[in-house]
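The residues making up each chain are set out below.
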Amino acid sequence: MPACLRYLCFKEDNSMGLNDTPSGNRIHIGFFGRRNAGKSSLVNAVTGQELSVVSEQKGTTTDPVYKAMELLPLGPVMIIDTPGMDDEGKLGELRVKKARQVLNKTDIAVLVVEKTAGLTKTDKEMIQLFQKKGVPYIIVYNKSDLTEEKSSCGEHEIMVSALKKEGIYELKEKIAHFIKTEDNGFQIVGDLIHPMDIIVLVIPIDLAAPKGRLILPQQQVIRDVLETGAVSVVVKDTEFASTLAKFGDKPYMVITDSQVFKQVARATPEDVFLTSFSILMARRKGFLDASIKGILTLKEIQDGDKILIAEGCTHHRQCEDIGTVKLPGWIKNYTGKNPEFAFCSGTEFPEDLSDYKLVIHCGGCMLNEREMQYRMRCAVDQGIPFTNYGIAIAFMNGILKRSLEMFPAYKEIIK
């Protein structure tokens, strides 16, 4: 085996704890194609596991199958096996819709084509869709063992046999080639702070807090602070003010959960930077600019206007849930109006947003950057303002300008 391929292998990621790589930070590799093209067989060959059910029966894969893996040297990846793009009937249409939704989060698409059939109309439509969405793609001609024809392949093409495991290592190498692996140095907060700065993280522990653990943005910010060489001080909102009083020197920055933004702002000295986990996540996912511009629409909300509140994860709703209870209450109180609210969570996000006056999204910590960019563009392209929880809460409490002071580029947007 060539040395350059020796490290291009998969292993199952079963690690637990703070070192677990969340889905939102994994490279998403989606396998697409017609029924019986051999998608599932190829996924199994690439991963070295019986990840997907394989059968001669068309349409064996009825829903997208996700598996967290390690692909060296790329690191953590999410492998996604999708239903056939040529599925038929009402149920088939729903399956195709699910498969198309996967593309919104796919960092690289692998189009599996049966070598003996060649590119069909469905395959060509998928290639056009990849190009339209700007998704890097590879066309894999599977079942090459069934033909003696050895035609040359272009940059985006490769011939393999999932059955005989031929061309699999070469395919992995090609996947690595098309995915940008260089570190862009873009951190959540690390580029805003300095070694030995004191960073206070305010984390409420209430009914909405997960039992025995911190939520993902909190974990990630703590890690980012530590890697910078700064000092992380974690405190509950109820002990925040008394904790500040114990410091000999003022902290450099305070990062708070958005739900207690108002209380924390009152207790934080004016010469100390203040922001929220949600705002930092919006910046990390690349939709902070759109969120700041979008929130200005809140001043124009009227009775009956529809507002979509979207979350990237699914969880058990508590009686004081921020998305379905607190945010609607705060919006009604701020606007003095009675808008209509709609909610979506997890992978469900409506393509048609024309009925909505505003979309308010969570920080998107469980979604990868591509999907958050898709959701933001989906709204902006339809002329629908798009913002996020942290921006909305800071705006309604009159502290948005302050929460953006560490980002000079946005001073002109919020007067």
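Report follows, based on the coordinates. If you're wondering where the values come from, they're calculated on a predicted model, not measured in any experiment. (Residues numbered from 1 in each chain as written. Predicted model: local features only at pLDDT ≥ 70, side-chain atom pairs only at ≥ 80, totals over all residues. Heavy atoms only, no water.)

Some points on the packing of aromatic side chains
Enumeration over the complete set of coordinates arrives at 5 aromatic pairs. Both rings, one in Y252 and one in F273, keep their centres 5.4 Å apart while their planes meet at 70 degrees; by these two values the pair is edge-to-face. Linking Y252 in the loop between helix 6 (240-246) and strand 10 (253-256) with F273 in strand 11 (residues 273-276), this pair joins segments that are 21 residues apart in sequence. By way of ring pairs, the aromatic residues F32, F130 and Y137 are connected into one cluster. (Phe/Tyr/Trp six-rings, centres within 6.5 Å; stacked < 30°, edge-to-face > 60°. Helix = DSSP H or I, 4+ residues; strand = E, 2+ residues; numbered from the N terminus.)

Considering the environment of G84
Among the structural elements, G84 can be located in the loop between strand 4 (75-81) and helix 2 (89-103). Look at G84 and you get buried, because its relative accessible area is 3%. Sequence separation between G84 and R34 is 50 residues, and the spatial gap between their C-alpha atoms is 4.5 Å. (Buried < 20%, exposed > 50% of the residue type's maximum accessible area, 1.4 Å probe, protein only.)

Looking at the pairing of strand 4
The buried count for strand 4 comes to 6 of 7 residues, which makes it a mostly enclosed element. Sheet topology places strand 2 (residues 27-33) next to strand 4; 5 bridges connect them, and they run parallel. Residue I29 lies in a different strand from strand 4, and its bridge partner there is I79. Pairing of strand 3 (residues 65-71) with strand 4 involves 7 bridges; the strand directions are antiparallel. Bridged to Y66 within strand 4 is I80. (Pairing = 2+ DSSP bridges.)

Examining the pattern of salt bridges
All told, the structure shown has 10 salt bridges when counted by the stated rule. Note that K250 and D271 form a salt bridge whose closest N and O atoms lie 2.9 Å from each other. Of this pair, K250 sits in the loop between helix 6 and strand 10 while D271 is found in the loop between helix 7 (261-267) and strand 11, placing the two residues 21 residues apart along the sequence. Exposure remark for D271: the relative accessible area of 57% places this residue in the exposed category. One connected set of salt bridges, linked through shared partners, spans K105, E371 and R375. (Salt bridge = Lys/Arg side-chain N within 4 Å of Asp/Glu carboxyl O.)

Digging into the sheet that holds strand 12 (residues 306-310)
Across the sheet, which stays open at both edges, the 4 strands sit in the order 13-12-14-15 with parallel pairing between neighbours. Each edge of the sheet is formed by a strand with only one pairing partner; in this case those strands are strand 13 (340-344) and strand 15 (386-388). Strand-to-strand twist across the sheet, computed as the mean angle between neighbouring axes with direction ignored, equals 25 degrees. Sheet topology note: the strand 12/strand 14 (residues 358-361) ladder contains 4 bridges and is parallel. Within the sheet, the bridge partner assigned to L308 lies in strand 14 and is V359. Of the strands in this sheet, strand 14 and strand 15 are in contact with helix 9 (residues 288-295), which crosses strand 15 at around 105 degrees. Contacts between helix 11 (residues 369-381) and the sheet are confined to strand 14 and strand 15, with strand 15 contributing the most and set at about 135 degrees to the helix. (Axes fitted to C-alpha atoms, helices over the stretch in contact; angles between N-to-C directions. Contact = heavy atoms within 4.5 Å.)

Description of helix 3 (residues 121-133)
Three or four residues apart is the spacing at which side chains of an α-helix point the same way, because the helix has 3.6 residues per turn. Compared with the 18 Å implied by 1.5 Å per residue over 13 residues, the 18 Å span of helix 3 between its first and last C-alpha is a close match. For helix 3, every residue scored as buried is listed here: D123, M126, I127, L129 and F130. The arc that holds every buried residue of helix 3, seen down its axis, measures 160 degrees, which confines them to one face. Residues of helix 3 that are exposed and point over 90 degrees away from its buried face: K121, Q128 and K132. In the core, the buried residues of helix 3 are packed alongside strand 2, helix 2, strand 5 (108-114) and strand 6 (137-142). (Expected span 1.5 Å × (residues − 1). Arc of directions from axis to C-beta.)

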